Amino acid sequence: MKMMMHFLKQYKKECVLAPLFKMLEALLELFVPLVVARIIDQGIYAQDKTYIITRCLILFVLAAAGLAFSVTAQYFAAKSAVGAATAMRGKLFRHIQTFGYEEMDAAGSATLITRMTSDINQVQSGINMALRLFLRSPFVVLGAVVMAFSIDIEAALIFAVTVPLLAVVVFTVMAVTKPIYKKVQGSLDRILNITRENLSGVRVIRAFHQEQNEIDSFCAVNDELTGLQKFAGKISGLSNPLTFVIINVAIILLVYVGALRVDMGELSQGEVVALYNYMSQILVELVKFANLIVTITKALASMNRIGDVLHITPNMKEGQGSGLRIIQGEGSEQGDEPPIIEFQDVSFGYHANGEPAIQHISFRVKRGETVGIIGGTGAGKSTLINLIPRFYDVTKGTVRIRGRNIKEYTFQELRSQISVVPQKAQLFAGTIRSNLMLGCPDATEEDLEEALEISQAAEFVNTKEKGLDFVVEQGGKNLSGGQKQRLTLARALVRKSEILIMDDSASALDYATDAKLRKAIREMKGKPTVFIVSQRASSILNADQIIVLDDGEMAGIGTHEELLTSCKVYQEIYETQFMKEN
């Protein structure tokens, strides 16, 4: 609730005016039964048409004023709810942007999407209804009781018993359904995750003819969600019939008592009708309030889920900034330029108590060198290079750039000097130009053309209609795998960073294109320091040094020729692939 108040802070005026106008509407509504009673007792009984017409005009004025107040209240309530939801969505999105890979892996994209959409929509509906009804409904109920006592104390005692009974029903339903609705939102996370996985992997599912298995898996989770919603609905649904039973019993008693008191001359017919109308108003308001409680229960459950994400504190802390500059004499022999990148006994595990993904890794890389990283599946190749731009923080040891611990740099300082070509080519909806300029908005036309030439993407981009302005669909689904890989490489090259990391980013390229690509990178002006992660030995033969990983440990390091004589793991990889290539 405190968090909700935080987002409503800038809408204080609207949060006051919305319930205020709603209570003004309710106040007018409370006078209606009295006017009707006067029409019956004085107008109809005396057959005074003028009196009846004037009182009907008063009813019309009350209705018109009530409508104006209601519309005004709705405006302020909607403004507050939409504004708070917008601020909440913005803060949540900004907070998610601070997550490292560790937090993203733990939270999962499906649950974060649900928080951004369904949960915030639930909170928005809750705020809107609460501002309009949370004070209005109790005000009408209390006002109707007071008005009933002003008419007849004995008959009004029925109100005094009825209202507490109704309150018990409403708040019991609220207490029981709140945890259930939290589980419902959790089931929505799982449904979204299955749907997202199914749609992204649709080609694999079709290829293995697993449509029915996917349908069965989805139906199982969907049935679980349906069961929870039905259970919550049954409990929530009890509020309306129980409320109606209590109210209708009260109305029967009220009519009975009223009839006796009319017969004794202590009440008029109009006053009995007024009491009946007040009881009906209480019925309507408590039905509204019961529905409001259900909505608020959902909103609070969703708000707690949003709060869970906002309370996640990224483990990776940004450095204070040291300035990316060459520091003579630090991390190397006195007077020599320090290695641009240095790993000092680095170990890393994805889980605190789990097995390390890599361990005891130490090496140095000089400026402008090309480093190849090779090893079997699961050897830790991608893990190793993900530590350089601090996508993850090392568990033990130190990673240094230009002699400084990378934890000393701000993320901007560090990552502005590193270009990463990820293992999975990821393009965004837009144009080829907008994708290439993602990391370098001020890139010139010459920069783009140079990057396309080096990445071997120029030949197919120039054949596309509109060239650089060719429209790329979401995820680049209108491009082939090789084309996407070359464009993601071109995007990295446009930045002209000092460190270029290629994480198995040429796997979809044929050998000839891969060879041209490596040659073009070697011949680049101001050649960057390059890390090439590859499954192909042929892609890293000419590297200045090759790091061989085996089950998370360094099995060897050196040039191609050195490793052929000293590293058994590398020998096996090379001989196996060389025989296949021949």
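Residues numbered from 1 in each chain as written. Predicted model: local features only at pLDDT ≥ 70, side-chain atom pairs only at ≥ 80, totals over all residues. Heavy atoms only, no water.

A.B. asks: Explain the pairing of strand S4 (residues 396-401) to me, using residue names and the numbers behind them.
C.D. replies: The pairing of strand S1 (residues 341-348) with S4 spans five bridges and is classified as antiparallel. Across the sheet, Ser347 pairs through a bridge with Lys396, a residue of S4. Relative to strand S5 (residues 404-405), S4 runs antiparallel, the two sharing two bridges. Within S5, the residue paired with Ile401 across the bridge is Arg404. In sequence, S4 turns back onto S5 through a hairpin of two residues, with Arg402 there showing a positive phi of about 55°. (Pairing = 2+ DSSP bridges. Helix = DSSP H or I, 4+ residues; strand = E, 2+ residues; numbered from the N terminus.)

A.B. asks: For the packing of aromatic side chains, give the residues involved together with the corresponding values.
C.D. replies: For the structure shown, the criterion picks out 11 aromatic pairs. Geometrically, the ring pair formed by Phe21 and Phe76 is stacked, given 6.2 Å between the ring centres and 20° between the ring planes. Highlighted residues: Phe21 in helix H2 (residues 12-46) and Phe76 in helix H3 (residues 49-97), separated in sequence by 55 residues. You can call Phe76 buried: its relative accessible area is 12%. Members of the aromatic cluster, connected to one another through ring pairs, are Tyr101, Phe348, Tyr350, Phe391 and Tyr392. Directly above the aromatic system of Phe470 lies the positively charged group of Lys464, at a separation of 5.0 Å from the ring centroid. Note that Arg536 overlies the ring of Tyr511, its terminal NZ or CZ placed 4.5 Å from the centroid. (Phe/Tyr/Trp six-rings, centres within 6.5 Å; stacked < 30°, edge-to-face > 60°. Buried < 20%, exposed > 50% of the residue type's maximum accessible area, 1.4 Å probe, protein only. Lys NZ or Arg CZ within 6 Å of the ring centre and 35° of its normal.)

A.B. asks: Account for the sheet that holds S4, naming residues and giving values.
C.D. replies: In spatial order, the strands read S2-S1-S4-S5; together these four strands make up an open sheet with antiparallel pairing. Here the strands that pair on one side only, and so sit at the sheet edges, are strand S2 (358-365) and S5.

A.B. asks: Give me the pattern of salt bridges: which residues, what numbers.
C.D. replies: Going through the model one piece at a time under the given rule, you end up with 23 salt bridges. Linking Asp119 and Arg305 is a salt bridge whose minimum nitrogen-to-oxygen distance equals 3.0 Å. Taken as a pair, Asp119 in helix H5 (residues 109-133) and Arg305 in helix H10 (residues 269-310) lie far apart in primary sequence, 186 residues in all. Of the residues examined, Asp119 reaches a relative accessible area of 0% and is grouped as buried. Arg305 gets classed as buried once you look at its relative accessible area, which sits at 4%. (Salt bridge = Lys/Arg side-chain N within 4 Å of Asp/Glu carboxyl O.)

A.B. asks: Lay out the side chain of Thr370 in plain terms, naming residues and giving numbers.
C.D. replies: In this fold, Thr370 is placed in strand S3 (residues 370-375). Contacts of Thr370, omitting those with residues within four sequence positions, involve Lys527, Val530, Ile532, Ala543, Asp544 and Gln545. (Contact = heavy atoms within 4.5 Å.)

A.B. asks: Got a sec to walk through a negative patch on the surface? Specific residues and values, please.
C.D. replies: Judged by side-chain charge, Glu355, Asp550, Asp551, Glu553, Glu572 and Glu575 come together as a negatively charged surface patch. Glu355 gets classed as exposed once you look at its relative accessible area, which sits at 72%. (Patch = residues over 30% accessible without salt bridge, like charges linked within 9 Å, V, L, I, M, F, W, Y side chains within 5 Å. Areas by Shrake-Rupley, 256 points an atom, 1.4 Å probe, with all protein chains shown as cover. Lys, Arg positive; Asp, Glu negative; His and termini not counted. Charge placed at Lys NZ, Arg CZ, Asp CG, Glu CD.)

A.B. asks: Please provide a residue-by-residue account of a positive patch on the surface, values included.
C.D. replies: A surface patch of positive charge is lined by Lys9, Lys12, Lys91 and Arg94. Considering the arrangement of structural elements, one finds Lys9 in the loop between helix H1 (2-8) and H2.

A.B. asks: Can you tell me about helix H7 (residues 153-200), naming the residues and giving the values?
C.D. replies: Its 48 residues place the ends of H7 69 Å apart at the C-alpha level, agreeing with the 70 Å of an ideal helix rising 1.5 Å per residue. At Thr177, H7 shows its strongest bend, of approximately 35°, with the proline Pro179 following within four residues. (Expected span 1.5 Å × (residues − 1). Bend = angle between axes of the 7 residues up to and from the residue.)

A.B. asks: Provide a residue-level description of the environment of Asp41, including the pertinent values.
C.D. replies: One can find Asp41 in helix H2. Separated by 254 residues in the primary sequence, Asp41 and Thr295 have C-alpha atoms spaced 42 Å apart. Ignoring any residue separated from it by four or fewer positions in sequence, one finds Asp41 in contact with Ser268, Gln269, Gly270 and Glu271. Within polar-contact distance, the side chain of Asp41 engages the side chain of Ser268 at 2.6 Å. (Polar contact = N/O pair within 3.5 Å; in protein donor to acceptor, adjacent residues only side chain to side chain.)

A.B. asks: Provide a residue-level description of the environment of Glu224, including the pertinent values.
C.D. replies: If you trace the backbone, Glu224 turns up in helix H9 (residues 211-263). Classification of Glu224 as partly exposed rests on a relative accessible area of 39%. Separated by 40 residues in the primary sequence, Glu224 and Val184 place their C-alpha atoms 9.0 Å from one another. In this structure, Glu224 is in contact with Ser187 and Arg190, ignoring residues within four places of it in sequence.

A.B. asks: Could you give me a rundown of the nonpolar core, with the residues and numbers involved?
C.D. replies: Within the largest apolar cluster, 45 residues are counted, with the highest numbers of intra-cluster contacts made by Leu436, Leu452, Leu487 and Met502. It is helix H16 (residues 481-494) that contributes the most residues to this core, six residues altogether. Contact partners of Leu452, with chain neighbours within four places excluded, come to Leu436, Ala457, Ala458, Val461, Leu468, Leu487 and Ala490. Counting residues in hydrophobic clusters, the runner-up holds 34 residues, among them Met4, Ala18, Ala77 and Val170. (Core = buried A, V, L, I, M, F, W, Y, C linked by side-chain atoms within 4.5 Å.)

A.B. asks: Go over the side chain of Ser534, please, and point to the residues and values.
C.D. replies: Counting through the fold element by element, Ser534 comes out in the loop between strand S10 (529-533) and strand S11 (545-550). Here Ser534 falls in the buried class, since its relative accessible area comes to 6%. In this view, Ser534 contacts Ile373, Ile374, Lys381, Asp504, Ser539 and Ile540; residues no more than four positions away in its chain are not counted.

A.B. asks: I'd like a rundown of the pairing of strand S9 (residues 499-503), residues and numbers included.
C.D. replies: With five of its five residues buried, S9 lies for the most part within the structure. Here S9 shows a buried face lined by Ile499, Ile501 and Asp503 and a second buried face lined by Leu500 and Met502. For strand S6 (residues 418-421) and S9, the ladder comprises four bridges, and the chain directions are parallel. Note on S9: the bridge partner recorded for Ile418 is Ile499.

A.B. asks: Which residues make up H10, and what values go with them?
C.D. replies: The end-to-end C-alpha distance of H10, which contains 42 residues, comes to 60 Å, matching closely the 62 Å that a straight helix rising 1.5 Å per residue would cover. Summarising burial for H10: 30 of the 42 residues are buried, a large majority.

A.B. asks: Please provide a residue-by-residue account of the packing of helix H6 (residues 136-151) against H10, values included.
C.D. replies: Here H6 crosses H10 at 160°, and the two axes come no closer than 9 Å. Put simply, H6 runs roughly antiparallel to H10. Handedness of the crossing formed by H6 with H10: left-handed. Contact residues: H6 offers Arg136, Ser137, Pro138, Val140, Val141, Ala144, Val145, Met147, Ala148 and Ile151, while H10 offers Glu271, Ala274, Leu275, Tyr278, Gln281, Ile282, Glu285, Leu286, Lys288 and Phe289. Split by residue class, the contact of H6 with H10 holds 14 nonpolar, two polar and four charged. (Axes fitted to C-alpha atoms, helices over the stretch in contact; angles between N-to-C directions. Parallel < 35°, antiparallel > 145°, perpendicular 65-115°, else oblique. Left-handed = near helix turned anticlockwise from the far one by under 90°. Nonpolar A, V, L, I, M, F, W, Y, C, P; charged D, E, K, R; others polar.)

A.B. asks: How would you explain the environment of Leu267 if you had to name every residue and give the values?
C.D. replies: Looking at the element boundaries, Leu267 is found in the loop between H9 and H10. On the basis of relative accessibility, which here comes to 6%, the residue Leu267 falls in the buried class. C-alpha of Leu267 to C-alpha of Asp152: the two residues are 115 residues apart in sequence and 7.8 Å apart in space. If we skip the residues at most four places from it in the chain, Leu267 touches Ile151, Asp152, Gly258, Arg261, Val262, Val272 and Leu275.

Everything listed is a geometric property; what it means functionally is a separate question.
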